[in-house]
Amino acid sequence: MLVAVTSINQARKLRIAQVAPLHESVPPALYGGTERIVSYLTEELVELGHDVTLFASGDSRSRARVVGPCPRSLRLAHASDTLAYHYLMLEQVYRQVGDFDVVHFHIDYLHFPLTRRHSLAHVTTLHGRLDLPHLPPLYDEYRDMPVISISDSQREPLPNARWVATVPHGLPLDLHREGDGGDYLAFVGRISPEKGLDRAIAIAEASGCKLKVAAKIDAADAEYFKRDIASLLTKGCIEFLGEIGEQEKGELLRGARALLFPVDWPEPFGLVMIEAFACGTPVIAYRRGSVSEVVEDGVTGFIVDELDQAIAAVGKLDALSRHVIRERFEVRFSAGRMTNDYVDIYRNIIDAHHHTRAEPGLPHPGHQLASG
């Protein structure tokens, strides 16, 4: 639970900087979960009347003021050195830091050394996987950096990080509409070993269903695709759509009997699961990472541990109500709920920062917040 705010007027509009990764635009033209969430959060903050500056690639679209260190998203521009542009962006952020009440970073730990040496109210949402061997020593060192998780399970590899809250992702309520479903299953995401497309194909084959696959292939996964996946896509039950945009994704999910989410890694959140819920579409997901926090088993989908359970779950889909799934999405995963959560955190961060500046003997503002 966050400590109570006493010295910051709850009604006061805030000057907020959002610092996004530069790999995709905000919102992304195609695949890009972090940038999509930054977009939803930024637009909701503007709607609430806050003064928002978005640091992002120059092709980003927002009602906030956009500061772009590069003219185009780095992936689409095929940039060979992505770090240089992020350093340039950080210089732009710190040059203007006095203009903001709080800076919200979405770029992992890249800014930690600079932030430690500046006096500013700040917080970082960690969007990716954290179960990597090089990360615990880093977050042990930077225990003064307040960080936010997107699921409770995401925190497990870094128990010593300065966690201040968990904020599940949210989507605009009008982004997708409830659909009636259809006769096929859907897979949406990246083609990589941890995303489990091979499992999804096996589930579809065994259950006698068509499978529509909307997925991107990163350069790092090209060999895996060629070796393990390409031949599976020739099966008669598979329709490979490639990488698709937001409108096509909504149409795909509205028409699906279910989304298959057979991940084989500690998934930090899984944005496509709540995109499916927004369409009233149930999710069949493997019990990994955040899945048990996102899917309500037997209500918004089914959580399984092995292939036979996933195949059996396909046969139980008719017992679920698409209308109830949409209702649960609206209650749990709206962009409005997400944004209100973040505003509460901002006010606590700002209050702790002001308190620390008033009493120099106190530790870093991050230490003034109870864990979320």
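Above this text you will find the structure in question.
Sorry, what's going on with the environment of Leu-76 here?
Structurally, Leu-76 can be placed in the loop between β3 (65-67) and α2 (82-95). Look at Leu-76 and you get partly exposed, because its relative accessible area is 27%. Between the C-alpha atoms of Leu-76 and Pro-113, which are 37 residues apart in sequence, the distance is 29 Å.

How should I be thinking about the pattern of salt bridges in this particular structure?
Side chains that carry opposite charge are capable of pairing whenever their charged atoms lie near each other. By the definition in use, this model includes 28 salt bridges. For the salt bridge of Lys-210 with Asp-183, the shortest nitrogen-to-oxygen distance reads 3.3 Å. With a gap of 27 residues between them, Lys-210 in strand β9 (residues 210-216) and Asp-183 in the loop between β7 (162-166) and β8 (184-190) connect regions that are remote in the sequence. One salt bridge connects Lys-216 with Asp-218, and the closest N-O pair in it is separated by 2.9 Å. Residues joined in a network through salt bridges with shared partners are Arg-36, Glu-246, Lys-249 and Glu-275.

Got a minute to help me understand the side chain of Gln-96 in this structure?
Here Gln-96 shows up in the loop between α2 and β4 (102-105). Residue class for Gln-96 comes out buried when judged on its relative accessible area of 17%. Of the polar contacts made by the side chain of Gln-96, one reaches the side chain of Arg-65; its length is 2.8 Å. Those residues in contact with Gln-96, other than ones at most four positions away along the chain, are Phe-55, Arg-65 and Val-67.

Each value, and the rule that gives it
Residues numbered from 1 in each chain as written. Predicted model: local features only at pLDDT ≥ 70, side-chain atom pairs only at ≥ 80, totals over all residues. Heavy atoms only, no water. Helix = DSSP H or I, 4+ residues; strand = E, 2+ residues; numbered from the N terminus. Buried < 20%, exposed > 50% of the residue type's maximum accessible area, 1.4 Å probe, protein only. Salt bridge = Lys/Arg side-chain N within 4 Å of Asp/Glu carboxyl O. Polar contact = N/O pair within 3.5 Å; in protein donor to acceptor, adjacent residues only side chain to side chain. Contact = heavy atoms within 4.5 Å.

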